[in-house]
Amino acid sequence: MQRITIIDGDAFQEFSYILESGVKTTITLRFLPTQKRWLMDISDENGFKVNGIYVCCSPNLLDKWHNVIKYGIAVNTDDMVDPYRQEDFQSGYAFLSMLDDEEKEAITGYLDGI
């Protein structure tokens, strides 16, 4: 699990991440102040693309696509309350981590009750 530490307090930010497999992903985060929520768009160089994922505490936000992609994204906070402030990632209250294929499969197995 690789924690992403470059997220700052800006309401709109985009960054790229190279996975251990060498696949380049691009993540866009947008904070919606009227809804007190973060939204995420993610795409990779293999053609996978999803827009408008609500960023909430989850062992793998991308579990729905576990048969399509070989990575995942975990979001956590100390008290398991979803990130709801613009500064939540910058302050360290919330953090986003990239999961490799092995970690993703372990979480999928746990969620499926295996």
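Residues numbered from 1 in each chain as written. Predicted model: local features only at pLDDT ≥ 70, side-chain atom pairs only at ≥ 80, totals over all residues. Heavy atoms only, no water.

Visitor: Teacher, can you tell me more about the overall build of the protein chain here?
Guide: Helix and strand counts for the protein chain stand at 2 helices and 7 strands. Reading the helices (α) and strands (β) of the protein chain from amino to carboxyl end gives β-β-β-β-β-β-α-β-α. Taken over C-alpha atoms, the radius of gyration comes to 14 Å for the protein chain, in line with the 13 Å a tight globule of 114 residues would show. With the principal axes as the frame, the protein chain shows a C-alpha extent of 35 × 30 × 20 Å. With 114 residues in all, the protein chain has 45% of them scored as buried. Long-range contacts, defined here as pairs at least 24 residues apart, represent 38% of the contacts in the protein chain between residues at least 6 apart. Summed over its atoms, the accessible surface of the protein chain is roughly 6,400 Å², and 49% of this surface lies on carbon and sulfur atoms. Between the centroid of the 10 positive side chains of the protein chain and the centroid of its 19 negative side chains there is a distance of 6 Å. (Helix = DSSP H or I, 4+ residues; strand = E, 2+ residues; numbered from the N terminus. Rg over C-alpha atoms; globule rule 2.2 N^0.38 Å. Buried < 20%, exposed > 50% of the residue type's maximum accessible area, 1.4 Å probe, protein only. Contact = heavy atoms within 4.5 Å. Areas by Shrake-Rupley, 256 points an atom, 1.4 Å probe, with all protein chains shown as cover. Lys, Arg positive; Asp, Glu negative; His and termini not counted. Charge placed at Lys NZ, Arg CZ, Asp CG, Glu CD.)

Visitor: Where do I start with unusual backbone geometry in this structure?
Guide: A negative phi holds for most residues other than glycine; trans holds for most peptide bonds. Non-glycine residue Lys36 carries a positive phi angle of around 50 degrees. Counting through the fold element by element, Lys36 comes out in the loop between β3 (24–32) and β4 (37–44). In the Ramachandran plot, Met80 falls in the positive-phi region, its phi being about 60 degrees despite a non-glycine side chain. Of note, Met80 is situated in the loop between β6 (72–77) and α1 (88–91).

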